[in-house]
Amino acid sequence: MISICIPVYNTDITNLVVELKKQLSASFAVFEILILDDASTITVKLESFPELRLLKNEQNQGRHKSRIILASKAAFENILFLDADVFPASGSFIKTYLNHCASNYDFIYGGVLYQKNPPEDNKILRWKYGRQHESRSVANRRKDFYQSLISMGFMVKKEVFINLRIDNNFNYYGQDIYISYLIQKGNYRITHIDNPVIHLGLEDNCKYLNKIYESLKFTWLLESKKLIPEDFRPVQRAVLILEKFYLKTIFLSVMRLFKKPIENNLLSSRPNMILLDLNKLYFYTSLKKSI
């Protein structure tokens, strides 16, 4: 028995739902599909069938609050969370997750892929970052069990997810940071399997760069409130190294000279991922410097 839970905002998920229904029906599993429309400004069109329930937020709550609502409404113990802009990479996607329903793991993460062919130039930053940093093999993800979890698609026990007690007041891009830490802190059992989704929803370069900044601001918020350690993320550890060797001021001064050219590169058709990492470090160091 499984509940498929999908928060959706202004996204056509017809193809995703049809594919899930096809795979679920072929598996002869007892299931439900819960869709939570997060106050979309366009009509969410769906194929209607008995196992589908469509819920709606009166006001936009954000993806993570929507997940909490979906978990509370789910009928079954095993919840498979999917983002609205993904698609199963395999025809046995559902079967693979169903095979893990009886396992002792609290979280089961199947991974994420990106299409091989590059998108249009104005969406290349998200695609390139995803392929280099998020599309990781099972062996690679298992080296960093917690921080390699990306919430585009994962299965979790209903009670476990509810008991994470994630602060509902946070509505920032980058929630996976907080979720990963709570999973680690709670010593929840997590496993990584080879059962990815394909991430199709690529933002344009400018929007994604702003999302990266928002994620870094959220990391700093969590750190400043002592909700995560100061060395939980790689960018935090890099700042600590700068501080240890008294290089923070020099680094900020040098990077300030190149900030505009670096951003121009990141918004171009050939963004450099090393420059992106330097830019993230500069932005986070600036946040801490402003205290």
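Notes on the structure in this doc start here. Because the structure is a prediction, the values reported are computed rather than measured. (Residues numbered from 1 in each chain as written. Predicted model: local features only at pLDDT ≥ 70, side-chain atom pairs only at ≥ 80, totals over all residues. Heavy atoms only, no water.)

Moving on, we get to the overall build of the protein chain. Check the secondary structure of the protein chain and you find 11 helices and 10 strands. On C-alpha atoms alone, the protein chain measures out to a radius of gyration of 20 Å, which is about the 19 Å that the 2.2 N^0.38 rule sets for 291 residues. On the principal axes, the C-alpha backbone points of the protein chain span a range of 60 × 40 × 40 Å. A burial count over the protein chain gives 49% of its 291 residues as buried. Across the protein chain, contacts joining residues at least 24 apart in sequence account for 75% of those joining residues at least 6 apart. As displayed, the protein chain offers around 14,500 Å² of accessible surface, 52% of which is attributable to carbon and sulfur atoms. (Helix = DSSP H or I, 4+ residues; strand = E, 2+ residues; numbered from the N terminus. Rg over C-alpha atoms; globule rule 2.2 N^0.38 Å. Buried < 20%, exposed > 50% of the residue type's maximum accessible area, 1.4 Å probe, protein only. Contact = heavy atoms within 4.5 Å. Areas by Shrake-Rupley, 256 points an atom, 1.4 Å probe, with all protein chains shown as cover.)

The next thing to look at is the pattern of salt bridges. According to the stated counting rule, one finds 13 salt bridges in the structure shown. Lys 56 is paired through a salt bridge with Asp 37; the nearest N and O atoms lie 3.1 Å apart. With Lys 56 in strand S3 (residues 52-56) and Asp 37 in strand S2 (residues 31-37), the pair connects residues that are 19 residues apart, well separated along the chain. Overall, the relative accessible area of 49% leaves Lys 56 in the partly exposed class. Take Asp 37: its relative accessible area is 7%, and that puts it in the buried class. Among the ionic pairs, Glu 134 bridges to Arg 126, the shortest N-O distance being 3.2 Å. For Arg 126, a relative accessible area of 2% puts it in the buried group. Residues joined by salt bridges that share partners form a network here, namely Arg 126, Glu 134, Glu 203 and Lys 211. (Salt bridge = Lys/Arg side-chain N within 4 Å of Asp/Glu carboxyl O.)

Formed by 65 residues in total, the largest nonpolar core has its most connected members in Ile 4, Ile 33 and Phe 107. A total of 6 residues in this core trace back to one element, the largest contributor, which is helix H7 (residues 175-185). Ile 33 has contacts with Ile 4, Ile 6, Leu 20, Lys 21, Leu 24, Phe 49, Glu 51, Leu 52 and Arg 53, leaving out every residue within four places of it along the chain. With 23 residues, the next largest nonpolar core counts Val 235, Val 239, Leu 252 and Tyr 282 among its residues. (Core = buried A, V, L, I, M, F, W, Y, C linked by side-chain atoms within 4.5 Å.)

In this section: the packing of aromatic side chains. Evaluated as defined, the whole model comprises 10 aromatic pairs. For the pair Phe 81 and Phe 161, a centre-to-centre distance of 4.9 Å together with 45 degrees between the ring planes defines the contact as tilted. Of the two residues, Phe 81 is situated in strand S4 (residues 78-82) and Phe 161 in helix H6 (residues 158-163); the sequence distance between them amounts to 80 residues. Like Phe 81, the residue Phe 161 is buried in the burial classification. Geometrically, the ring pair formed by Phe 93 and Tyr 97 is edge-to-face, given 5.3 Å between the ring centres and 80 degrees between the ring planes. Placement of both Phe 93 and Tyr 97 in helix H3 (residues 93-98) is noted, with a separation of 4 residues, approximately one turn of the helix. The class for Phe 93 is buried, based on a relative accessible area of 1%. Ring-pair connections join several aromatic residues into one group, and the members of that group are Phe 81, Phe 107, Phe 154, Phe 161 and Tyr 188. (Phe/Tyr/Trp six-rings, centres within 6.5 Å; stacked < 30°, edge-to-face > 60°.)

Any link to function would need more than the numbers given here.
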